[in-house]
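Spelled out from the first residue to the last, the chains are:
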Amino acid sequence: MAYQTLLFEPGRITRITLNRPDAANGLDDALCTELADAARRCADPDVKVVLLTGTGRFFCAGGDLKAMASSPLGPSAFVKGIADDLHAALKAFAQMDAVLITAVNGAAAGAGFSLAVTGDLVLAAESASFTMAYTRAGLSPDGGASYLLPRLVGLRRAQELILTNRRLSAAQGLDWGMVTEVVSDAELAARADALAEAMAAGSGTAQSSVRRLLSASQHNDYATQLDLESATISGNAEAADGREGIDAFVNKRAPLFG
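These numbers were taken from a predicted model, which means no experiment stands behind them.

### A few points about the domain arrangement of the protein
Stage number 1. One can read the domain layout of the protein as domain 1 (6-201) and domain 2 (204-251).
Stage number 2. Centre-to-centre separation of domain 1 and domain 2, based on C-alpha positions: 28 Å.
Stage number 3. Contact residues are listed per partner, giving 13 residues for domain 1 and 6 residues for domain 2.
Stage number 4. Together, the buried faces of domain 1 and domain 2 total about 760 Å²; carbon and sulfur atoms form 32% of this surface.
Stage number 5. When the area that domain 1 buries against domain 2 is broken down by residue, the three leading residues are Lys48, Asp97 and Arg151, summing to 42%.
Stage number 6. The tally of links from domain 1 across to domain 2 stands at 2 salt bridges.
Stage number 7. With its nearest N and O atoms 2.2 Å apart, the salt bridge here joins aspartate 97 to arginine 212.
Stage number 8. Summed over the shared surface of domain 1 and domain 2, the result is 8 residue pairs in polar contact (both at pLDDT 80 or more).

Structure representation (structure tokens):
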């Protein structure tokens with residue numbers, strides 16, 4: 001697929017850049033369709049890191065309300081279509097082995113907020129901000145917000161964010177546990193690249209295992225999670241990365257993971 005609304009650079013580090021700067025990278029039907037396709041391509045086992053960001057002043061302003069209002073499908077069918085495609089993208093990101101890094105270069109609102117905080121590692125520029133904005137437009141959350149936010153910030157803060165549309169700065173997002181690191185606007189791209197390179201040099205087997213263990217912990221009881229940890233670490237010890245990591249430690253050298 002030749003993308004019109006995003007930039008896609010495949011590779012060991014795959015870069016996806018939302019590219020509708022004149023529309024604040026708002027999510028319309030075209031962008032959501034393309035994002036779902038791009039996310040599915042990240043299932044390639046050679047991809048170790050996915051770096052997601054936006055062009056211009058906004059990371060993503062959420063659903064494109066102008067496109068919603070003007071769609072010949074009517075608002076309900078149009079919103080269902082973009083939500084389904086967005087959720088297909090998010091499911092693909094959740095199921096891939098690669099580490100997902102989001103570099104939040106500006107305002108993240110609505111589904112853009114959800115997309116920003118779905119990263120395993122979330123970098124935010126100092127100028128970035130986060131607001132739900134749904135109820136202001138008479139809408140309810142999508143993009144996984146009702147699942148992610150209570151787990152990231154707790155129920156009470158999730159209720160406040162969604163019901164009052166409180167706007168958080170990047171620093172507040174860090175304090176609330178939604179953001180991994182805040183950097184200056186000028187340093188964001190370089191810091192994101194450096195973090196992506198560090199993750200790409202690491203053990204893909206171990207990193208994908210971390211993603212799956214943390215995901216499973218959301219629904220497993222303690223005993224089940226312990227059993228899963230035991231099975232996972234023993235499998236990793238036998239895998240190529242595990243053998244390399246153990247040998248490197250014993251022989252006091254840096255590991256070279258595939």
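Back to the text.
### Description of the sheet that holds strand S6 (residues 107-109)
Strands pair in a sheet through their backbones, by hydrogen bonds, and they do so in one of two ways: parallel or antiparallel.
Stage number 1. In spatial order, the strands read S4-S6-S8-S9; together these 4 strands make up an open sheet with mixed pairing. The outermost strands of the open sheet, each flanked by one partner alone, are strand S4 (58-60) and strand S9 (168-169).

### Quick look at the sheet that holds strand S1 (residues 6-9)
Stage number 1. One open sheet accounts for 6 strands, arranged S1-S2-S3-S5-S7-S10; its pairing is mixed. The sheet terminates laterally at S1 and strand S10 (181-183), the two strands that pair on one side only. With direction set aside, neighbouring strand axes in the sheet form an average angle of 15°.
Stage number 2. Sheet topology places strand S3 (residues 49-54) next to strand S5 (residues 99-104); 4 bridges connect them, and they run parallel. Note on S5: the bridge partner recorded for valine 49 is valine 99.
Stage number 3. Relative to strand S7 (residues 121-125), helix H8 (residues 188-201) is tilted by about 165°, and along the sheet it contacts strand S2 (13-18), S3, S5, S7 and S10.

### Section: unusual backbone geometry
Stage number 1. The phi angle at alanine 24 is positive, at roughly 55°, despite the residue not being glycine.
Stage number 2. Here alanine 24 shows up in the loop between S2 and helix H1 (29-41).

### Some points on helix H11 (residues 240-250)
Stage number 1. Within the span of H11, buried status applies to Asp241, Gly242, Glu244 and Ala248. All buried residues of H11 project into a common sector of 165° when viewed along the axis, lining one side.
Stage number 2. Residues of H11 that are buried sit in contact with helix H9 (204-216) and helix H10 (222-238).

### What about the environment of threonine 55?
Stage number 1. With respect to the helices and strands, the residue threonine 55 is situated in the loop between S3 and S4.
Stage number 2. A residue is classified by how much of its surface remains accessible, and threonine 55, at 19% relative accessible area, is buried.
Stage number 3. Taking the C-alpha atoms as reference points, threonine 55 and glycine 106, separated by 51 residues in sequence, lie 9.0 Å from one another.
Stage number 4. With sequence-adjacent residues up to four places away left out, threonine 55 is seen in contact with Thr17, Leu18, Asn19, Arg20, Pro21, Asn25 and Asn105.

### Concerning the nonpolar core
Stage number 1. One finds Ile16, Phe130 and Met178 to be the most contacted residues of the largest nonpolar core, which totals 55 residues.
Stage number 2. With 7 residues, helix H3 (residues 75-95) is the single largest residue contributor to this core.
Stage number 3. One finds Val99, Ala103, Leu123 and Leu195 within the second-largest nonpolar core, a separate group that totals 15 residues.

### Comments concerning the environment of serine 208
Stage number 1. Looking at the element boundaries, serine 208 is found in helix H9.
Stage number 2. With 31 residues separating them in the primary sequence, serine 208 and glycine 177 have C-alpha atoms 22 Å apart.

### Focus on the packing of H10 against H11
Stage number 1. Contact geometry for H10 and H11: axes closest at 4 Å, N-to-C directions at 75°. Between H10 and H11, the interaxial angle falls into the category roughly perpendicular. Note on element contacts: H11 touches H10 through Ala240, Gly242, Arg243 and Ile246, opposite Asn236, Ala237 and Glu238.
Stage number 2. Tallied by class, residues from the contact of H10 with H11 come to 3 nonpolar, 2 polar and 2 charged.

### Digging into the packing of H9 against H10
When two helices pack together, their arrangement is given by the angle between the helix axes and the distance between those axes.
Stage number 1. Two numbers describe how H9 lies on H10: the axes approach to 11 Å, and their chain directions differ by 170°. Between H9 and H10, the angle falls in the class roughly antiparallel. Residue-level contacts link Thr205, Ala206, Ser209, Leu213 and Ala216 of H9 to Gln225, Leu228, Glu229, Thr232 and Asn236 of H10.

The rules we used
Residues numbered from 1 in each chain as written. Predicted model: local features only at pLDDT ≥ 70, side-chain atom pairs only at ≥ 80, totals over all residues. Heavy atoms only, no water. Domains from an automatic or database assignment. Contact = heavy atoms within 4.5 Å. Buried area = accessible area lost by both parts, 1.4 Å probe. Salt bridge = Lys/Arg side-chain N within 4 Å of Asp/Glu carboxyl O. Polar contact = N/O pair within 3.5 Å; in protein donor to acceptor, adjacent residues only side chain to side chain. Pairing = 2+ DSSP bridges. Helix = DSSP H or I, 4+ residues; strand = E, 2+ residues; numbered from the N terminus. Axes fitted to C-alpha atoms, helices over the stretch in contact; angles between N-to-C directions. Buried < 20%, exposed > 50% of the residue type's maximum accessible area, 1.4 Å probe, protein only. Arc of directions from axis to C-beta. Core = buried A, V, L, I, M, F, W, Y, C linked by side-chain atoms within 4.5 Å. Parallel < 35°, antiparallel > 145°, perpendicular 65-115°, else oblique. Nonpolar A, V, L, I, M, F, W, Y, C, P; charged D, E, K, R; others polar.

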